[in-house]
Each structure stands twice: as structure tokens, then as C-alpha cells.
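What follows is each chain in one-letter form.
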Amino acid sequence: MCGRFALTATPEEIEAMFALLDVVAFPPRYNIAATQPILMVLAGERQEPGANRPDRRSLLVRWGFIPAWAKDTKTFPLLLNARSETAIEKAAFRNAMRHRRALIPASGFYEWKRDGSSRSQPYWVRPKHGGVVAFAALMEMYAEPGGSEIDTGAILTTAANGDIAHIHDRMPVVIQPEDFSRWLDCRTQEPRDVVDLMRPEQPDFFETIPVSDLVNKVANTGPDLQRRVEPTATAPREPAKKAPAADQLTLF
């Protein structure tokens, strides 16, 4: 899964990579969490022949997908991720897979390795060569009972590749720049036509960096979250000593 990520690129870098205009200005974000606004890229309006304006648009959405048919958002589960293997059939994501496929620019994401105890080791997962990646995503506009509308989104995940599998069994789907247009094209490309894009990223694409547990708190938002901190070995617990039987007690 993907429960936290970061976007530290400049708006100008985002515009250049995704062929956009007028991306809203935003500061570096090192700890993006559930229900916070995130930047999404979608297909834009159909352009007239010869037009030179971008055919993609960006918008801010709430991270936490809400299907249009949800009745009560207070009791509906928080859908940060959608499994790519089942998103085409799942009622929550079926329409968005067909009509509102999107991209989420990211500098990397965080994942936690659990060792069987209450402790977990966080890792910062980023492209080995730096830069921005594009997570495959789905967008849905939810109309609240009072009449207001909210744009929401989820990140598609797939099985982890060899870079990530030692930490977690899932990872975000990454769409490469040469596939942006096909993924975003919901007019001519059916969900079945883009299934091949929802695959684990090639080995050695990501590197995993152990970091401190500062990232666990949403209130921590500085670049120190991504500083390498070598994990400390957890000493094995000694088995509890069995209390001596009553006839083995020594009285003084």
C-alpha cells in the first residue's frame, strides 16, 4: 500500500514533465498524508486540430477516494489505495477506471517494515536517479448532500518488485512518461487496454532508505524526515522465567 508520500519538485518541474500550464504554486511537501490535498494530472478538454495548448490539466483533490454512490462519508472507509488487479471490477472504482484515470506526481513514498513486534521501521523509497515519478491514480467527484462537491482520489497499487518486497508486499503503480497519454486517454482506451501498464516497476528503479520514526507523525513536515538513519537491531526478548512451584520456594 501507500499511506504517505512526498512531492518536493517545483511547479516548473511538474509543468515540464507533465506538459502542463499554470500549475498552482506549492511548497515542498515531505509528509503528505490521508485527507490532505494532493496534486493530480488528468486529460484536458479535447483540442481543436492545430491548437498548441496542453491537452492535460492539473487540480488539487482530497487524498481519500469517495465513490459517487456513497451515502455517508463519516462511516465510509478511507480509500487511499486501489488494488490494480481488481479495480476494473470493484464497484467503488469501476467508473473511475473507465472515465477518470489520473497521475499523481511524487518524489517518492514511505513504507514501513514490520518485524512481528509493535515496532516498525520506516523507509523512504525514491527513484535511484532522483526526479519525479507518476503514480497511477483514480479520481472521483463526490456530491455532498448539502450540494457542495469535493474531488477525491486514490493511488493504484500492485505487487512489490524486488526493491520493495523485503519491506512490504505492495507498491504504487508507476506510469512512465512515454505511457502518460495512453493511461490518461479515457476516450479511446478502455480499462482493458491499459492493464499492461499496471505492473510492478522494473528492478533497481527505486532505492530504499531507512529513516527515523519522525515520519510517523503527520505534524512533522521537514526535510529531515528523509535523512538516512540506520535501524537499530532489536534485542530478542528473553523468555519469561517460570515461577517456582510452592515446594521449591526457599524461606528465610
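Note that this is a predicted model, so its numbers are computed, not measured.

### Brief notes about unusual backbone geometry
Glycine aside, negative phi is the norm for most residues, and most peptide bonds take the trans geometry.
Part 1 of the reasoning: Of note in the backbone geometry, Ala19 takes a positive phi value of approximately 55° without being a glycine.
Part 2 of the reasoning: Structurally, the position occupied by Ala19 is in the loop between helix H1 (11-18) and strand S2 (29-32).
Part 3 of the reasoning: Positive phi outside glycine occurs at Asp22, with the angle close to 60°.
Part 4 of the reasoning: With respect to the helices and strands, Asp22 occurs in the loop between H1 and S2.

### Focus on the pattern of salt bridges
Part 1 of the reasoning: What the rule picks out here adds up to seven salt bridges.
Part 2 of the reasoning: Put simply, Arg170 and Glu85 hold a salt bridge, and the shortest N to O gap is 2.9 Å. One end of the pair, Arg170, is in strand S11 (residues 170-172); the other, Glu85, is in the loop between strand S5 (81-83) and helix H2 (94-99), with 85 residues separating them in the sequence.
Part 3 of the reasoning: Relative accessible area serves as the criterion here: at 43%, Glu85 is assigned to the partly exposed category.

### A closer look at the sheet that holds strand S12 (residues 206-210)
Part 1 of the reasoning: Pairing in this open sheet of five strands is antiparallel, and the strands run S2-S1-S7-S8-S12 from one edge to the other. With partners counted over all chains shown, the strands left at the sheet margins are S2 and S12, one partner each. Each strand of the sheet is rotated relative to its neighbour by a mean of 30°, with strand direction disregarded.
Part 2 of the reasoning: Note: strand S7 (residues 108-114) against strand S8 (residues 120-127), six bridges, orientation antiparallel. Of the residues in S8, the one forming a bridge with Tyr110 is Trp124.

### Description of the packing of aromatic side chains
Ring pairs (aromatic) are described by centroid distance and by the angle formed between their planes.
Part 1 of the reasoning: As enumerated under the stated definition, the model contains nine aromatic pairs in all.
Part 2 of the reasoning: Three or more aromatic residues joined by ring pairs form one cluster here, namely Phe5, Trp63, Phe109, Phe135, Phe205 and Phe206.
Part 3 of the reasoning: Against the face of Trp183 rests Arg101, its NZ or CZ located 5.5 Å from the ring centre.

### Overview of the nonpolar core
Part 1 of the reasoning: In this structure, Phe5, Ile14, Leu156 and Trp183 are the most contacted members of the largest nonpolar core, which totals 59 residues.
Part 2 of the reasoning: Tallying contributions element by element places strand S9 (residues 133-143) first for this core, with seven residues.
Part 3 of the reasoning: Listed in part, the nine residues of the second largest apolar core include Ala6, Tyr30, Val215 and Leu225.

### A word on the pairing of strand S3 (residues 37-43)
Part 1 of the reasoning: For S3, a buried count of five out of seven residues is recorded, marking the element as mostly surrounded by other parts of the structure.
Part 2 of the reasoning: Pairing geometry for S3 and strand S4 (residues 56-63), over seven bridges, is antiparallel. Bridge assignment links Ala43 to a residue of S4, and that residue is Arg56.

About the cut-offs
- Residues numbered from 1 in each chain as written.
- Predicted model: local features only at pLDDT ≥ 70, side-chain atom pairs only at ≥ 80, totals over all residues.
- Heavy atoms only, no water.
- Helix = DSSP H or I, 4+ residues; strand = E, 2+ residues; numbered from the N terminus.
- Salt bridge = Lys/Arg side-chain N within 4 Å of Asp/Glu carboxyl O.
- Buried < 20%, exposed > 50% of the residue type's maximum accessible area, 1.4 Å probe, protein only.
- Pairing = 2+ DSSP bridges.
- Axes fitted to C-alpha atoms, helices over the stretch in contact; angles between N-to-C directions.
- Phe/Tyr/Trp six-rings, centres within 6.5 Å; stacked < 30°, edge-to-face > 60°.
- Lys NZ or Arg CZ within 6 Å of the ring centre and 35° of its normal.
- Core = buried A, V, L, I, M, F, W, Y, C linked by side-chain atoms within 4.5 Å.

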